[in-house]
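In case you want the letters, here they are:
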Amino acid sequence: MYTQCYLQFSIKFLPSYISILHFSWAPRLFQSILSSSGDLYLFKLSNVLYGGHVAQWALFAQLTNWFMFYCITRTLSNSLETVLTVISLYYWPCLRVRSSDGLPVSRPWALVAAAIACAIRPTSAIIWVYVGLMELFVSRDRLKFVFLEVVPIGFIVLGMTFLLDRLMYGSWVLVPLNFLKFNFLSSGGDYYGTHPWHWYFTQGFTVMIFTYLPFTVVGIIQSKNWKLSGLILWVLVLYSVLGHKEFRFVLPVLPIALVYAGYSLAMLSQRYSSSKRNQKTTNARTKSSWKIQSAVFFLLVTNVPMAIYMSMIHQRGSEDVMNYLAKEALNGDVKNILFLTPCHATPYYSTLHKNIPMRFLDCSPREVKGTPDESDNFMMDPIGFMSEFAKNWSQPSHIILFDNEEKQLKEFLFTHSFVEKKRFFHSHFKVDRDLQASVVLYALLNQ
């Protein structure tokens, strides 16, 4: 009997469950493949610049840096931009240390990758203005570079994005121009918060590179390759001009910094190898061995636990609740969902994969600066906002909110026939607002 019931359940629900898993994991698997391509081209770039020994250590730095581990496989446009940046940098002739090294150089491929990166994120042009001007300065065929490569490739790639936007929006929309107007000319990004001009230098990029920072500085000095180090500085300075700052904005130059860290580690290990081969003195060999082993141990101990914690534990509640609802939706127990959370706090249809009505608090920028949006109004007065909101709502079957707001809304939820369905751990410490320790799911009683 139990076997028969299990088979009936499997026949009815397993295909749908597999379909949900397939669709929710597909973007992540695709991004993982792209990230692997970025790792490969970082190795190739390091190899062509400094040789295989440095390339191995650069790849080590790339794979063990906590922020790269945490961010590069996420389905963010910045992650794809980073991969395209590394691929493009590999093909640029102006970045090669040796003018003739027998390895492939292809400006057209470099320009294609750069153009796609700009189409995805127009701010990527900050990187390519620097590299393009450098190429223009050292190139012997400037007219060919500009008129037979830059113009045609840029026209084709950006032209295709304009056609795609026309298809999706139903009218001609110049997304790069709107992006420029909103983020640069009107400082629209400031609506989502601002930081002091030095934030990338004192906090942002410093936190991203973390304990690899001293190795990167030493690697820059030792390698004396000022072209790529200049690119890092160029990007950090220009992004510092903008008021709104985020870690992910400068992600494309993190792999470059890790190449320099790999260079310094390679030099340290090379001294150990040399002393071991020559065997001049036991003390010299022991000292060199101790240095490289201590460096590797220090980097692993400071980065790996943090990478695991940030990727597997910190702020996981927003995903856990949506994974739970995706399974509940298979049984038809989810009719519609109301998100009483800050903007973009949880995944959306990318995890649920069901045609179920969902409503989240609006946080679109206001024309008049300082005007609170729907999300702001809720955070300032949850009870007053919900009392007014409930007058015209289509009562949801499920409500998602953080424990902070739940404390104030418990009576409201109870009077509207909602009961706590499940509670998910979210965070041990606060980030940019009060501690959000858990995500709470409420369901309509007897729905």
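On a predicted model such as this, the values are computed, not experimentally measured, just so you know. (Residues numbered from 1 in each chain as written. Predicted model: local features only at pLDDT ≥ 70, side-chain atom pairs only at ≥ 80, totals over all residues. Heavy atoms only, no water.)

Topic: the state of the cysteines
At step 1: This model, assessed by the stated rule, comprises one disulfide.
At step 2: Covalently, Cys343 is tied to Cys363 through a disulfide, its sulfur atoms 2.0 Å apart. Remark: Cys363 occurs in the loop between strand 2 (358-360) and helix 16 (374-380) and Cys343 occurs in the loop between strand 1 (337-340) and helix 15 (349-352); sequence separation between them is 20 residues. (Disulfide = S-S within 2.5 Å. Helix = DSSP H or I, 4+ residues; strand = E, 2+ residues; numbered from the N terminus.)

Side note on empty space enclosed by the protein
At step 1: What the rule picks out here adds up to two cavities of 30 Å³ or more.
At step 2: The computed volume of the largest cavity comes to approximately 50 Å³.
At step 3: Around the largest cavity, the lining residues are Gln315, Ser427, Phe429, Lys430, Val431, Asp432, Arg433, Asp434, Leu435 and Gln436.
At step 4: Considered as a void within the structure, the second largest cavity measures approximately 30 Å³ in volume.
At step 5: Sorting the residues of the lining of the second largest cavity by element identifies helix 1 (2-50) and helix 4 (77-91) as the ones contributing at least two each. (1 Å grid on protein atoms, 1.4 Å probe; cavity = no way out; pocket = protein on both sides within 12 Å on 5 of 7 lines; lining within 4 Å. Points joined across faces, edges and corners; volume = space filled by probe spheres on them.)

Description of unusual backbone geometry
At step 1: We note that Phe210 has phi near 55°; this positive angle belongs to a residue other than glycine.
At step 2: A positive phi is found at His353, a non-glycine position, where the angle reads about 55°.

Concerning the packing of helix 5 (residues 107-120) against helix 7 (residues 142-169)
At step 1: For the pair helix 5 and helix 7, the least separation of the axes is 9 Å and the interaxial angle reads 35°. In this structure, helix 5 meets helix 7 at a crossing whose hand is right-handed. Between helix 5, through Arg107, Pro108, Leu111, Val112, Ala115, Ile116 and Ala119, and helix 7, the contact on the second element is made entirely by Phe145, Glu149, Val150, Ile153, Val157, Leu158 and Thr161.
At step 2: Classifying every residue of the contact of helix 5 with helix 7 by side-chain character gives 11 nonpolar, one polar and two charged. (Axes fitted to C-alpha atoms, helices over the stretch in contact; angles between N-to-C directions. Left-handed = near helix turned anticlockwise from the far one by under 90°. Contact = heavy atoms within 4.5 Å. Nonpolar A, V, L, I, M, F, W, Y, C, P; charged D, E, K, R; others polar.)

Topic: the sheet that holds strand 4 (residues 418-425)
At step 1: Spatially, five strands are ordered 2-1-3-5-4 in an open sheet, and the strand pairing comes out mixed. The open sheet has two edge strands with one neighbour each: strand 2 and strand 4. Here the strands of the sheet are splayed against their neighbours by 20° on average, with no regard to which way each runs.
At step 2: Two elements, strand 3 (residues 398-402) and strand 5 (residues 438-444), share five bridges in a ladder whose sense is antiparallel. Directly across from Leu401, in strand 5, lies its bridge partner Val440.
At step 3: Relative to the sheet, helix 14 (residues 317-330) contacts strand 1, strand 2, strand 3, strand 4 and strand 5, its axis offset from that of strand 4 by approximately 130°. (Pairing = 2+ DSSP bridges.)

So, the layout of surface pockets
Over the atoms rolls a probe the size of a water molecule, and its path tells where empty space is left.
At step 1: In this structure, the second largest pocket spans a volume of roughly 440 Å³.
At step 2: For the second largest pocket, the lining is made up of 18 residues, of which Leu111, Ala115, Cys118, Trp128 and Val150 are closest to its centre.
At step 3: Elements with a contribution of two residues or more to the lining of the second largest pocket: helix 5, helix 6 (125-138) and helix 7.
At step 4: Looking at the lining of the second largest pocket element by element, the count peaks at six residues for helix 6.
At step 5: For the lining of the second largest pocket, a count of residues per class yields 16 nonpolar, two polar and no charged.

Re helix 2 (residues 52-64)
At step 1: Across its 13 residues, helix 2 extends 18 Å between first and last C-alpha, which sits within 8% of the 18 Å expected from 1.5 Å per residue.
At step 2: For helix 2, the set of buried residues is Val54, Ala55, Trp57, Ala58, Phe60, Ala61, Gln62 and Thr64. (Expected span 1.5 Å × (residues − 1). Buried < 20%, exposed > 50% of the residue type's maximum accessible area, 1.4 Å probe, protein only.)

Concerning helix 14
At step 1: In this model helix 14 runs 20 Å from its N-terminal to its C-terminal C-alpha over 14 residues, within 8% of the 20 Å that 1.5 Å per residue would give.
At step 2: Buried within helix 14 are the following residues: Gly317, Ser318, Asp320, Val321, Met322, Leu325, Ala326, Glu328, Ala329 and Leu330.

What about the packing of helix 4 against helix 6?
At step 1: Across the interface, helix 4 lies against helix 6 with an axial gap of 12 Å and an inter-helix angle of 5°. Taken together, the axes of helix 4 and helix 6 are roughly parallel relative to one another. Touching Thr85, Ser88 and Leu89 of helix 4 are Ile127, Trp128 and Val131, all from helix 6.
At step 2: Tallied by class, the residues present in the contact of helix 4 with helix 6 amount to four nonpolar, two polar and no charged. (Parallel < 35°, antiparallel > 145°, perpendicular 65-115°, else oblique.)

Examining the pattern of salt bridges
At step 1: Counted by the stated rule, this structure contains 11 salt bridges.
At step 2: In this structure, Arg28 engages Glu319 in a salt bridge whose closest nitrogen and oxygen atoms are separated by 3.2 Å. Taken as a pair, Arg28 in helix 1 and Glu319 in helix 14 lie far apart in primary sequence, 291 residues in all.
At step 3: You can call Arg28 partly exposed: its relative accessible area is 28%.
At step 4: Two residues, Arg423 and Glu420, come together in a salt bridge whose shortest N-O distance is 2.9 Å. (Salt bridge = Lys/Arg side-chain N within 4 Å of Asp/Glu carboxyl O.)

What about the pairing of strand 1?
Each regular strand displays side chains that alternate between the two surfaces of the sheet.
At step 1: Side-chain alternation along strand 1 places Ile337 and Phe339 on one buried face and Leu338 and Leu340 on a second face that is also buried.
At step 2: Relative to strand 2, strand 1 runs parallel, the two sharing three bridges. Each residue of the ladder has a partner; that of Phe339, found in strand 2, is Phe360.
At step 3: Here strand 1 runs beside strand 3; their pairing, made up of four bridges, is parallel. When the sheet's bridge partners are listed, Leu338 is paired in strand 3 with Ile399.

Brief notes about the environment of Leu84
At step 1: Position of Leu84 relative to the elements: it lies in helix 4.
At step 2: As a C-alpha pair, Leu84 and Gly38 span 46 residues in sequence and 7.5 Å in three-dimensional space.
At step 3: The contacts of Leu84, once residues within four sequence positions are left out, are Ala113, Ile116, Ala117 and Ile120.

Considering the packing of aromatic side chains
At step 1: Applying the stated criterion across every chain, the model contains 26 aromatic pairs.
At step 2: An angle of 15° between the planes, with centres 5.7 Å apart, marks the rings of Phe385 and Phe389 as stacked. Within this pair, Phe385 and its partner Phe389 are both found in helix 17 (residues 382-389), separated by four residues, close to a single helical turn.
At step 3: Ring pairing ties together the aromatic residues Trp66, Phe67, Tyr70, Trp199, Tyr200, Tyr239, Phe247 and Phe249, which thus form one cluster.
At step 4: In this structure, Arg166 packs its charged tip against the face of Trp172, placed 5.7 Å from the ring centre. (Phe/Tyr/Trp six-rings, centres within 6.5 Å; stacked < 30°, edge-to-face > 60°. Lys NZ or Arg CZ within 6 Å of the ring centre and 35° of its normal.)

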